[in-house]
Amino acid sequence: MAAQRLDGKALAATMRSEIAARVAERARAGKRAPGLAAVLVGEDPASQQYVKNKHKACQDAGLATTVHRLSASTTQAELLELVGRLNADPAVHGILVQLPLPKQIDDGAIIRAVSPNKDVDCFHPENVGLLMTGYPRFYPCTPHGVLQLLTRNGIALAGKEIVVLGRSNIVGKPVAVMLMQKATATNPAAGDATVTVAHTRTKNLADVCRRADVLIAAAGVPGVITPDMVKPGAAVVDVGTNNVDGRWLGDVHKDVESVAGWLSPVPGGVGPMTITMLLYNTLDAAKQIDG
Ligand code: GUN
């Protein structure tokens, strides 16, 4: 039997209209529109597409959004200067510097320069620390999108065996932390699950993955999750966005559809949810800064 679809596009549409309604309410109360400044350095085609999609989603939800496009030869000092101006701009509530950056720029130095109060990616070490200790200021967008996609489709996480394949700072590590944490009033997006993180050095990868009631594929390797790695009926979330010859391919092989109970598609699964959680964080930043 074919897996049920974890339809990120549909859920994103629902959540974006909820966000748009809250933005409109703030406007009626005389508050400034939540403002997102996106910074794109260079001409990486995938990054250009991501930023374009984020910009359009913000506009559609009534957020004030600007894109700062800088050439591939931008220096670190020039980028730090722009980040400093955005930190000081009261119309900007959220700052997103699209990664990866050109090699002459140290990603870490830029991430640390963004004001933690405007860090809607949740990449700043202060915000990573708050997340890790259970008092998040923001949730990172892709991990939060994954949790919403599961829970809003009625998939309970508490006590489940969850395997995360991948250990990146953007997805693998934070999603594992969120899935294993205790849900509390200050930390509602927490899974209370039993979490295993698998990676390139994991032994018996297929056996480890087959333990999972919920399998999160965030390896960045097209088709790496094959049907023999999936427990029948498991929920499989494909975080892979691999651009191969202009086509978007996930980390999950298409034949997994016949084994999994639930499966998120690529495109149309996690991608639209990531953007939605960015809008959510920008609204949240506006509330934290402007009230
Ligand atoms: N590059 C890939 N994913 C992301 C993301 O979520 N945020 C930023 N800023 N850059 C990325």
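Rules used in this analysis
Along each chain, residues carry numbers from 1 onward, in the same order as the chain's sequence is written. Reporting in this predicted model follows two pLDDT cut-offs: at least 70 for local features of residues, and 80 or more for side-chain atom pairs to be given and counted; totals over whole chains, interfaces and linings ignore these cut-offs and use all residues. Only heavy atoms go into the side-chain values, all of them from the structure, while hydrogens and water stay out. UniProt positions are given in the numbering used here, feature names are shortened, and annotations may be inferred rather than shown by experiment. Strands here mean DSSP runs of E at least two residues long; helices mean DSSP runs of H or I at least four residues long; both are numbered from the N terminus. Residues belong to one nonpolar core when they are buried, are Ala, Val, Leu, Ile, Met, Phe, Trp, Tyr or Cys, and are joined through side-chain atoms within 4.5 Å. Each residue is assigned to one of three classes by its accessible area relative to the maximum for its type, calculated with a 1.4 Å probe on protein chains only: buried under 20%, partly exposed between the two thresholds, exposed over 50%. Residues count as neighbours in contact if any of their non-hydrogen atoms are within 4.5 Å of one another. A pair of strands is labelled paired if DSSP reports no fewer than 2 bridges between them. For Phe, Tyr and Trp, where Trp contributes only its six-membered ring, two rings pair if their centres lie within 6.5 Å, and the inter-plane angle classes them as stacked under 30 degrees, edge-to-face over 60, or tilted in between. Only a single heavy atom is needed: when it lies within 4 Å of a molecule or strand, its residue is near that molecule or strand. Definition of a polar contact: a pair of N or O atoms within 3.5 Å, with one able to donate and the other able to accept a hydrogen when the atoms are protein atoms, and with sequence-neighbouring residues admitted only if both atoms are side-chain atoms. Reported accessibility uses the Shrake-Rupley method at a 1.4 Å probe radius. Residues are deemed covered only where the shown protein chains occlude them. All amino acids are sorted into three groups, where Ala, Val, Leu, Ile, Met, Phe, Trp, Tyr, Cys and Pro are nonpolar, Asp, Glu, Lys and Arg are charged, and the leftover types, Gly among them, are polar. Note on method: axes are straight lines fitted to C-alpha atoms, helices fitted across the in-contact stretch only, with angles between N-to-C directions ranging 0 to 180 degrees. By definition, no residue in a patch forms a salt bridge, and every one has over 30% relative accessible area; like charges are joined within 9 Å, nonpolar side chains (Val, Leu, Ile, Met, Phe, Trp, Tyr) within 5 Å. Counted as salt bridges are all cases of a side-chain nitrogen of Lys or Arg within 4 Å of a carboxyl oxygen of Asp or Glu. When charges are counted, neither His nor the chain ends are considered; positive counts come from Lys and Arg and negative counts from Asp and Glu. For the purpose of locating charges, the reference atoms are NZ of Lys, CZ of Arg, CG of Asp and CD of Glu.

Asks: So what's going on with the UniProt feature "domain: Tetrahydrofolate dehydrogenase/cyclohydrolase NAD(P)-binding" (unreviewed entry) in the protein? Residues and values would help.
Replies: Listed under "domain: Tetrahydrofolate dehydrogenase/cyclohydrolase NAD(P)-binding" (unreviewed entry) in the UniProt record, and renumbered for this structure, are residues 140-288. Each end of residues 140-288 is marked by a C-alpha atom, and these two atoms are 16 Å apart; helix forms 30% of the span and strand 17%.

Asks: Give me the nonpolar core: which residues, what numbers.
Replies: In terms of nonpolar packing, the biggest core is built from 52 residues, with Leu-150 and Ile-216 touching the most fellow members. At eight residues, the largest contribution of residues to this core is made by helix H9 (residues 270-290). With near-sequence residues (within four places) excluded, Ile-216 lies in contact with Val-146, Leu-150, Ile-162, Val-163, Val-164, Leu-165, Val-175, Leu-179, Val-237 and Val-239. If you look at the next biggest cluster of nonpolar residues, it comprises 18 residues, including Ala-3, Val-208, Ala-212 and Ala-217.

Asks: Tell me what's going on with the pairing of strand E5 (residues 161-165), and back it up with residues and numbers.
Replies: Within E5, four of the five residues are buried, which leaves the element mostly enclosed by the surrounding structure. The sheet contact formed by E5 and strand E6 (residues 194-198) spans five bridges and is parallel. In the sheet register, Glu-161 faces E6, and the bridge partner there is Thr-194. The sheet contact formed by E5 and strand E7 (residues 214-217) spans four bridges and is parallel.

Asks: Can you tell me about the packing of aromatic side chains, naming the residues and giving the values?
Replies: One pass over the structure, following the stated rule, counts one aromatic pair. Here the aromatic rings of Tyr-50 and Trp-248 are separated by 5.8 Å at their centres, their planes lie at 40°, and the arrangement is tilted. Highlighted residues: Tyr-50 in helix H2 (residues 45-60) and Trp-248 in strand E10 (residues 247-249), separated in sequence by 198 residues. Exposure remark for Tyr-50: the relative accessible area of 28% places this residue in the partly exposed category.

Asks: With reference to specific residues and values, describe the site of the ligand.
Replies: Close to the ligand lie Lys-54, Leu-96, Val-97, Gln-98, Leu-99, Asp-121 and Phe-123. Residue Gln-98 places a side-chain N or O atom 3.2 Å away from a nitrogen atom belonging to the ligand. Bound to the protein, the ligand loses 83% of the 280 Å² it would expose on its own. A per-class count over the shell around the ligand returns four nonpolar, one polar and two charged.

Asks: Residue-level account of the sheet that holds strand E2 (residues 35-41), with values.
Replies: Adjacent strands of a sheet form backbone hydrogen bonds with each other and so pair up, either parallel or antiparallel. Reading across from one edge, E3-E2-E4 is the order of the three strands in this open sheet, with parallel pairing throughout. The open sheet terminates on both sides in strands that have one partner only, identified here as strand E3 (64-70) and strand E4 (94-97). The average angle at which neighbouring strand axes cross in this sheet is 15°, direction not considered. Two elements, E2 and E4, share four bridges in a ladder whose sense is parallel. For Ala-37, the partnering residue across the bridge sits in E4 and is Ile-95.

Asks: Can you tell me about the sheet that holds strand E1 (residues 4-5), naming the residues and giving the values?
Replies: Spatially, E1-E11-E8-E7-E5-E6 is the arrangement adopted by the six strands of the open sheet, whose pairing is parallel. Every other strand in the sheet has two partners, leaving E1 and E6 as the edge strands with one partner each. Summarising the sheet, E1 and strand E11 (residues 262-263) pair through two bridges and their orientation is parallel. Looking at E11, one finds that Gln-4 is bridged to Trp-262. Most of the contacts of helix H7 (residues 172-180) go to E5, to which it runs at about 170°, and overall it touches E5, E6 and E7.

Asks: Can you tell me about a positive patch on the surface, naming the residues and giving the values?
Replies: A cluster of like positive charges, contributed by Arg-167, Lys-173, Arg-201 and Lys-203, occupies part of the molecular surface. Mapped onto the fold, Lys-203 is located in the loop between E6 and helix H8 (205-210).

Asks: Pulling in residues and values, what's your account of the pattern of salt bridges?
Replies: A complete count under the given rule lists seven salt bridges for this structure. Close ionic contact of Arg-152 with Glu-18 constitutes a salt bridge, the shortest N to O distance being 3.4 Å. Of the two residues, Arg-152 sits in the loop between helix H6 (141-151) and E5 while Glu-18 sits in helix H1 (residues 8-28), which places them 134 residues apart along the sequence. Judged by relative accessible area, Glu-18 falls into the partly exposed class, the value being 35%. Note that Arg-85 and Glu-81 form a salt bridge whose closest N and O atoms lie 3.2 Å from each other.

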